[in-house]
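Chain by chain, the residues:
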Amino acid sequence: ADAITAGIALIGDGDFRFANYLRTGLSYISFCCEKPAVASQAVRQAIAWCMDRDQMTQAYTETYGQRVDGYYGLGQWMYGAATGTVAPPFEEPEEGDTLAKAEYDAAVEAWEALNLDGLTVYTLDVEKAKELLENDGWKLNDQGIREKEIDGQKVALDLKMIYPEGNAIQAPFETYLLPNLEEAGIRLTLEPVP
């Protein structure tokens, strides 16, 4: 989720100005891909398909955030470039310079071709998550947790997620992620850390 941040500034004798602005930061989930359980892209995608990202974003940020579909913040210039809200950062050459004009035209064309069309928009689809896991060889064990053999060892999708202690994300995870993961055969334990 990307946040829309509120800024309050003292502008005079007890007067304040308030402004909302898009920040360049974002909240995201990252994986330790060196761990066998999440080394597979299919597992990470299955987790994404198990998350109701719109509901989670709303619950976590209230009206101060929007779901994004990649590793970017809405206030970053790259997002503006890809959505066509930021002008190209170069000036048109002077008349008569045909080589510079051709380079300029090619650069403008490349700039205008930037978009977010290729991003996968993960919506809640537990059946798709189950299918991905099955196709990747993850089978349900007696406890309802998926496992498979990797390098001669049984690996279970019994995962742990750490998050900053005192962060309000625990309740949205418990509501909009954990039940769906459990249905797909993934156990996730949330652990707050200082």
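A brief structural summary. Given the structure is predicted, the values throughout are model-derived calculations rather than measurements.

Glancing now at the pattern of salt bridges. In a structure, side chains of opposite charge can pair up when their charged atoms sit close to one another. Under the counting rule described, the total for this entry stands at 13 salt bridges. The partner of aspartate 136 in a salt bridge is lysine 148, and the shortest N-O contact between them spans 3.7 Å. Here aspartate 136, found in the loop between helix H5 (126–135) and strand S4 (139–140), pairs with lysine 148, found in strand S5 (residues 146–150); they are 12 residues apart in sequence, far enough to count as distant. On the basis of relative accessible area, aspartate 136 is assigned to the partly exposed category, the value being 23%. The partly exposed category is assigned to lysine 148, whose relative accessible area is 21%. In this structure, lysine 154 and glutamate 147 form a salt bridge, with 3.5 Å as the shortest nitrogen-oxygen distance. Among the charged side chains, a salt-bridge network with shared partners connects Arg53, Asp54, Arg67 and Asp69.

What follows is about the environment of glutamine 45. Position of glutamine 45 relative to the elements: it lies in helix H1 (residues 41–49). Since its relative accessible area comes to 22%, glutamine 45 is described here as partly exposed. Along the sequence, glutamine 45 and threonine 120 sit 75 residues apart, while their C-alpha atoms lie 10.0 Å from each other. Residues contacting glutamine 45, with those up to four places away along its chain left out, are Tyr122 and Leu132.

Moving on, we get to the layout of surface pockets. In this structure, the largest pocket spans a volume of roughly 1400 Å³. Lining the largest pocket are 43 residues, and of these Tyr28, Ile29, Ser30, Phe31 and Met51 lie nearest its centre. When residues in the lining of the largest pocket are grouped by element, the largest group, seven residues, is from strand S7 (residues 158–164). A per-class count over the lining of the largest pocket returns 27 nonpolar, nine polar and seven charged.

Counting 28 residues, the largest nonpolar core has Leu133 and Leu177 as the members making the most contacts within it. Among the elements of the structure, H1, H5, S7, helix H7 (178–184) and strand S8 (187–193) are those that each provide at least two residues to this core. When residues in this core are grouped by element, the largest group, five residues, is from H1. Aside from chain neighbours lying at most four places away, what touches leucine 177 is Ile47, Cys50, Met51, Met56, Pro172 and Leu188.

Mapped onto the fold, asparagine 180 is located in helix H7. A polar side-chain atom of asparagine 180 sits 3.0 Å from the main-chain carbonyl oxygen of cysteine 50. In this structure, asparagine 180 is in contact with Cys50, Leu124 and Val126, ignoring residues within four places of it in sequence.

With their axes 8 Å apart at the nearest point, H1 and H5 run at an angle of 170° to one another. With respect to their mutual orientation, H1 and H5 come out roughly antiparallel. Contact with H1, carried on its side by Ala42, Val43, Gln45, Ala46 and Trp49, involves Val126, Lys128, Ala129, Leu132 and Leu133 of H5 and no other residues of that element. Here the contact of H1 with H5 is composed, by residue class, of eight nonpolar, one polar and one charged.

Another point: the environment of glutamate 95. Tracing the backbone shows glutamate 95 in the loop between helix H3 (77–83) and helix H4 (98–113). Residues glutamate 95 and lysine 130, 35 residues apart in the sequence, show an inter-C-alpha distance of 60 Å.

Reading the values: rules and limits
Residues numbered from 1 in each chain as written. Predicted model: local features only at pLDDT ≥ 70, side-chain atom pairs only at ≥ 80, totals over all residues. Heavy atoms only, no water. Salt bridge = Lys/Arg side-chain N within 4 Å of Asp/Glu carboxyl O. Helix = DSSP H or I, 4+ residues; strand = E, 2+ residues; numbered from the N terminus. Buried < 20%, exposed > 50% of the residue type's maximum accessible area, 1.4 Å probe, protein only. Contact = heavy atoms within 4.5 Å. 1 Å grid on protein atoms, 1.4 Å probe; cavity = no way out; pocket = protein on both sides within 12 Å on 5 of 7 lines; lining within 4 Å. Points joined across faces, edges and corners; volume = space filled by probe spheres on them. Nonpolar A, V, L, I, M, F, W, Y, C, P; charged D, E, K, R; others polar. Core = buried A, V, L, I, M, F, W, Y, C linked by side-chain atoms within 4.5 Å. Polar contact = N/O pair within 3.5 Å; in protein donor to acceptor, adjacent residues only side chain to side chain. Axes fitted to C-alpha atoms, helices over the stretch in contact; angles between N-to-C directions. Parallel < 35°, antiparallel > 145°, perpendicular 65-115°, else oblique.

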